[in-house]
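Below, each chain spelled out in residue letters.
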Amino acid sequence: PLVKQAQAPAPRPTKVSKKPYRSSIGVIVGSLNGFSNKSFAGKRFAIQVDFGLKPFLYEEYYSYYGYYGSYSGYNSEITGIIEADVNFLFEKDIKTSNVGGWYWFIGGGINFGLTLDSSEFKTGMNAMGGVEYIFSKVPITLQLDFRPGYGYIIDQDGFFDWALTFSARWHF
């Protein structure tokens, strides 16, 4: 009789988690219009830096008390802020196919800039969340995100600072 030798079980393929891409550069539009760069420092950790023009509604309350009476009201004007946003993100895949992959991300960061009309310094903090689609056949990534936060302009009150943006970047 033939004796059958025991064989070791075949090794299972392991899922290798890797960075979706190394770095990307492109444009961003929406509540912030300009340039965008996103680079991965690890498998799921990315740093995104955006620089551009952000529309801003400036409102100021005034009151005057004088000899002939008093009045009060609001001044408001639309201005802009040249702003830089630096965000640190955790990113994870949702679904991957032969055409590309969907990824969700969440994180937060800081922002700073200058107002256009009076060159006042602006700073703030924000959260950030959204989705990113990475094409596998062409080196393009599309991203949609929302950034609620808190902003502060020197010598003024703080305000709810937010952004809703779309970006398209070339990745390498």
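Reading guide: rules and limits
- Residues numbered from 1 in each chain as written.
- Predicted model: local features only at pLDDT ≥ 70, side-chain atom pairs only at ≥ 80, totals over all residues.
- Heavy atoms only, no water.
- Helix = DSSP H or I, 4+ residues; strand = E, 2+ residues; numbered from the N terminus.
- Polar contact = N/O pair within 3.5 Å; in protein donor to acceptor, adjacent residues only side chain to side chain.
- Contact = heavy atoms within 4.5 Å.
- Phe/Tyr/Trp six-rings, centres within 6.5 Å; stacked < 30°, edge-to-face > 60°.
- Lys NZ or Arg CZ within 6 Å of the ring centre and 35° of its normal.
- Buried < 20%, exposed > 50% of the residue type's maximum accessible area, 1.4 Å probe, protein only.
- Pairing = 2+ DSSP bridges.
- Salt bridge = Lys/Arg side-chain N within 4 Å of Asp/Glu carboxyl O.

**Q** Please clarify how the side chain of Asp145 should be interpreted in this entry.
**A** Looking at the element boundaries, Asp145 is found in strand S7 (residues 140-153). A distance of 2.8 Å separates the side chain of Asp145 from the side chain of Arg147, its partner in a polar contact. Separated by 2.7 Å, the side chains of Asp145 and Thr165 make a polar contact. Excluding anything up to four places from it in sequence, Asp145 contacts Gln48, Phe105, Met128, Gly129, Gly130, Ala163, Leu164 and Thr165.

**Q** What is the right way to look at the packing of aromatic side chains in this model?
**A** A ring pair, where both rings are aromatic, is described by two values, the distance of the centres and the angle of the planes. Going through the model one piece at a time under the given rule, you end up with seven aromatic pairs. Ring geometry for Phe45 and Phe88: centres 6.4 Å apart, planes at 10 degrees, overall stacked. On the criterion of sequence distance, the pair formed by Phe45 in strand S3 (residues 45-66) and Phe88 in strand S4 (residues 69-96) is long-range, its members being 43 residues apart. Ring geometry for Tyr133 versus Phe135: centroids 4.8 Å apart, planes at 85 degrees, classification edge-to-face. Chaining the aromatic ring pairs together yields one cluster made of Trp102, Tyr133 and Phe135. Sitting above the plane of the Phe105 ring, Lys38 keeps its charged end 4.5 Å from the centroid.

**Q** Where do I start with the pairing of S7 in this structure?
**A** Each regular strand displays side chains that alternate between the two surfaces of the sheet. Along S7, the buried face is formed by Thr141, Gln143, Asp145, Arg147, Gly149, Gly151 and Ile153; none of Ile140, Leu142, Leu144, Phe146, Pro148, Tyr150 and Tyr152, which line the opposite face, is buried. Across eleven bridges, the pairing between strand S6 (residues 121-135) and S7 is antiparallel. Residue pairing across strands places Thr123 opposite Tyr152, the latter belonging to S7. Linking two consecutive strands that pair antiparallel, namely S6 and S7, is a turn of four residues. The pairing of S7 with strand S8 (residues 158-171) spans 13 bridges and is classified as antiparallel. Of the residues in S8, the one forming a bridge with Leu142 is Ala168. Joining the antiparallel neighbours S7 and S8 is a turn of four residues, in which Asp155 adopts a positive phi near 65 degrees.

**Q** Would you mind showing me how to read the pattern of salt bridges here?
**A** Side chains that carry opposite charge are capable of pairing whenever their charged atoms lie near each other. Under the defined criterion, the tally for this structure stands at eleven salt bridges. Between Lys38 and Glu91 there is a salt bridge, with its nearest N and O atoms 2.7 Å apart. Here Glu91 lies in strand S4 and Lys38 lies in strand S2 (residues 33-40), a separation of 53 residues in the sequence. There is no split in this pair, since Lys38 and Glu91 are both buried. Each of the salt bridges in this network shares a partner with another, and the network as a whole consists of Lys38, Glu91, Glu132 and Arg169.

Distances and angles like these do not, on their own, reveal function.
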